[in-house]
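One-letter residues, chain by chain:
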Amino acid sequence: MKKSAPPKTRKHSAKPSSGGDRGSAKQKRKPKAPEALTQTIDRSDLNRLLALKHRDPHRILGTHHRNGGIVFRAFRPNAEKVELLIGRQKPQPLIETHHDGLFELFVAGLSEIPSYRFKVHYADGNTATLRDPYSFLPTLGDLDLHLFGEGKHETVYEKLGAHVRKYGHVSGVSFAVWAPNAEGVSVVGDFNGWDGRLHQMRMLGASGVWELFIPDLRPSALYKFEMRARRGLPFLKADPYANYMEVPPGTSSIVYEAKYKFRDQQWMKRRASGEHFRKPLSIYEVHFGSWRRIAEENNRPLTYREMAPLLAD
């Protein structure tokens, strides 16, 4: 497993993020103009978004049909400038409608939402070209939510957590977590500087499940969920459905894509024809982390490879 230092709780500092999405790369600047709330967004809606407590940020961000065209919106705190890229067209600058980092642009004459990206410019000269995570539909369907709500979803581990997948022709990672009492949830990680403003999730109906698809994200990224309750400070939570975790003292979850191919088709075929309820069953249980340790190496637990022959015997 990958080992690194545990992330510290973020305080929205100006420390540059790692990777392509430089969410915190710019020092605090003077606003270009006094607070200029866009007239197309309800003030209470906008306040919830800025407070990172909006249950459906897709309602504001992304694309929206209006008056014979489409509005493109992005929330990019600390950005100096944001441009809209559509195919080979000339980049179109978005207008900063709120000095906390809300940008928007109305493009007249568009009836269908095109494939687009945002090019984000920072004061230090760095740029990042990004697909918009708020341009994708949910990765969980109504049937998934219904079965989960009844406690009858037999493969919920394939829905909750972090999963590398393709959305149409776009590769990325879908995130989902159950947090019914949270006021707001964000995905944070080494790909966005652990900045909860950049990837706010949406709650799917009244299910308590928060979801977001982040395009172009790859396996091995460190991540956690940043939770906000009605009262108190936000806190970081590891993914209870994570497929991969850091080795202690690291505590982050890791985006993982399994490459192992099972070769047990014959055994599975025989198993399917067996009468399991008529046969005796033995169940063994062991706490992996404490069963065996190596005292000479700071009492560390065994790795899976070290444990396998001992446990099998």
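Scroll up a little and you will see the structure.
Each chain carries its own residue numbering, running from 1 in the direction its sequence is written. pLDDT decides what is reported in this predicted model: residues at 70 or higher carry local features, side-chain atom pairs at 80 or more are listed and counted, and totals for whole chains, interfaces and linings draw on all residues regardless. Calculated side-chain values reflect all of the structure's heavy atoms, with hydrogen atoms and water omitted.

**Student:** Which parts of the structure should I look at to understand the overall build of the protein?
**Tutor:** In terms of regular secondary structure, the protein is built from five helices and 18 strands. The rule is simple: take the accessible area with a 1.4 Å probe, protein chains only, and divide by the maximum for that residue type; under 20% is buried, over 50% is exposed, in between is partly exposed. Within the protein, the fraction of its 313 residues that count as buried is 40%. Only heavy atoms matter for contacts: two residues are in contact if any of them lie within 4.5 Å across the pair. For the protein, long-range pairs separated by at least 24 residues make up 66% of all intrachain contacts whose partners lie at least 6 apart in sequence. Methods summary: accessible areas were calculated by the Shrake-Rupley approach with a probe of 1.4 Å, and residue burial reflects only the protein chains presented. Of the roughly 19300 Å² that the protein leaves accessible, carbon and sulfur atoms contribute 52%. Only DSSP runs of H or I with at least four residues qualify as helices, and only runs of E with at least two residues qualify as strands; both kinds are numbered from the N terminus onward.

**Student:** Is there a simple way to think about the pairing of strand β1 (residues 62–66) in this case?
**Tutor:** Sheet faces and side chains relate simply in a regular strand, where the side chains alternate between the two faces. Inspection of the sheet shows β1 paired to strand β2 (residues 69–75) by five bridges, in the antiparallel sense. Residue pairing across strands places T63 opposite F72, the latter belonging to β2. Connecting β1 to the next strand, β2, in antiparallel fashion are two residues, including N67 with a positive phi near 50 degrees. Strand pairing requires that DSSP identify at least two bridges connecting the strands.

**Student:** Any chance you could explain the sheet that holds strand β7 (residues 117–121) here in plain terms?
**Tutor:** Pairing between sheet strands relies on hydrogen bonds along the backbone, with the strands arranged either parallel or antiparallel. Pairing is antiparallel in the open sheet, where four strands are placed in the order β4-β3-β7-β8. Of all the strands in the sheet, just β4 (92–93) and β8 (127–131) have a single pairing partner and so form its edges. The pairing of β7 with β8 spans five bridges and is classified as antiparallel. Opposite V120, over in β8, you have A128 as the bridge partner.

**Student:** Please explain the nonpolar core as it appears in this structure.
**Tutor:** Core analysis: the largest hydrophobic core is formed by 28 residues, its most contacted members being F175, V185, M201, W210 and F225. Of all the elements in the fold, those that place two or more residues in this core are α1 (43–50), β10 (170–178), β11 (184–189), β13 (209–215) and β14 (222–228). To qualify as a nonpolar core, a set must consist of buried Ala, Val, Leu, Ile, Met, Phe, Trp, Tyr and Cys residues joined through side-chain atoms within 4.5 Å. Counting residues in each nonpolar core, the second largest holds 17 residues, with F72, L94, F103 and F118 among its members.

**Student:** Before we go on, may I ask you to explain the pattern of salt bridges in this structure?
**Tutor:** Pairs can form between side chains of opposite charge whenever their charged atoms are close. Should a side-chain nitrogen of Lys or Arg be within 4 Å of a carboxyl oxygen of Asp or Glu, the pair is scored as a salt bridge. For the structure shown, the criterion picks out 16 salt bridges. Note that D45 is salt-bridged to R59, the shortest N-O span being 2.8 Å. Of the two residues, D45 is situated in helix α1 and R59 in the loop between α1 and β1; the sequence distance between them amounts to 14 residues. Since its relative accessible area comes to 5%, D45 is described here as buried. D216 serves as the salt-bridge partner of R131, at 3.2 Å between the closest nitrogen and oxygen. Note that R131 is positioned in strand β8 and D216 in the loop between β13 and β14, a separation of 85 residues in sequence. Residue class for D216 comes out partly exposed when judged on its relative accessible area of 43%. Overlapping salt bridges bring together D45, R48 and R59 as one network.

**Student:** Please clarify how unusual backbone geometry should be interpreted in this entry.
**Tutor:** Backbone geometry follows two general trends: most residues other than glycine have a negative phi, and most peptide bonds adopt the trans configuration. Cis rather than trans, the peptide bond between P248 and P249 has omega equal to 15 degrees. Mapped onto the secondary structure, P249 falls in the loop between β15 (235–237) and β16 (253–254).

**Student:** Would you explain the sheet that holds β10 in this entry?
**Tutor:** Strand order in the open sheet made by the four strands is β9-β10-β13-β12, with antiparallel pairing throughout. The sheet terminates laterally at β9 (161–167) and β12 (202–203), the two strands that pair on one side only.

**Student:** How do you make sense of the pairing of β7 when you look at a structure like this?
**Tutor:** Sheet topology note: the strand β3 (residues 81–85)/β7 ladder contains five bridges and is antiparallel. Across the sheet, residue V82 finds its bridge partner in β7, namely V120. Where β7 folds back on β8, the antiparallel hairpin that results is connected by five residues, among which G125 adopts a positive phi of roughly 95 degrees.

**Student:** Please clarify how empty space enclosed by the protein should be interpreted in this entry.
**Tutor:** Site definitions follow a grid-based scheme: protein atoms alone, a 1 Å grid, a 1.4 Å probe that fits but cannot get out for cavities, and for pockets an open set with protein on both sides within 12 Å along at least five of seven lines, plus lining residues having an atom within 4 Å of a point. Grid points are joined across faces, edges and corners, and a volume is the space filled by probe spheres set on the points. Counted under the stated rule, the structure contains one cavity of 30 Å³ or more. Computed from the structure, the largest cavity encloses a volume of approximately 110 Å³. Of all elements in the fold, only β2 and β8 reach the threshold of two or more residues within the lining of the largest cavity. Ranked by residues supplied to the lining of the largest cavity, first place goes to β2 with three residues. A class-by-class count of the residues in the lining of the largest cavity yields eight nonpolar, one polar and five charged. Amino acids outside the nonpolar list (Ala, Val, Leu, Ile, Met, Phe, Trp, Tyr, Cys, Pro) and the charged list (Asp, Glu, Lys, Arg) are all regarded as polar, and Gly is one of them.

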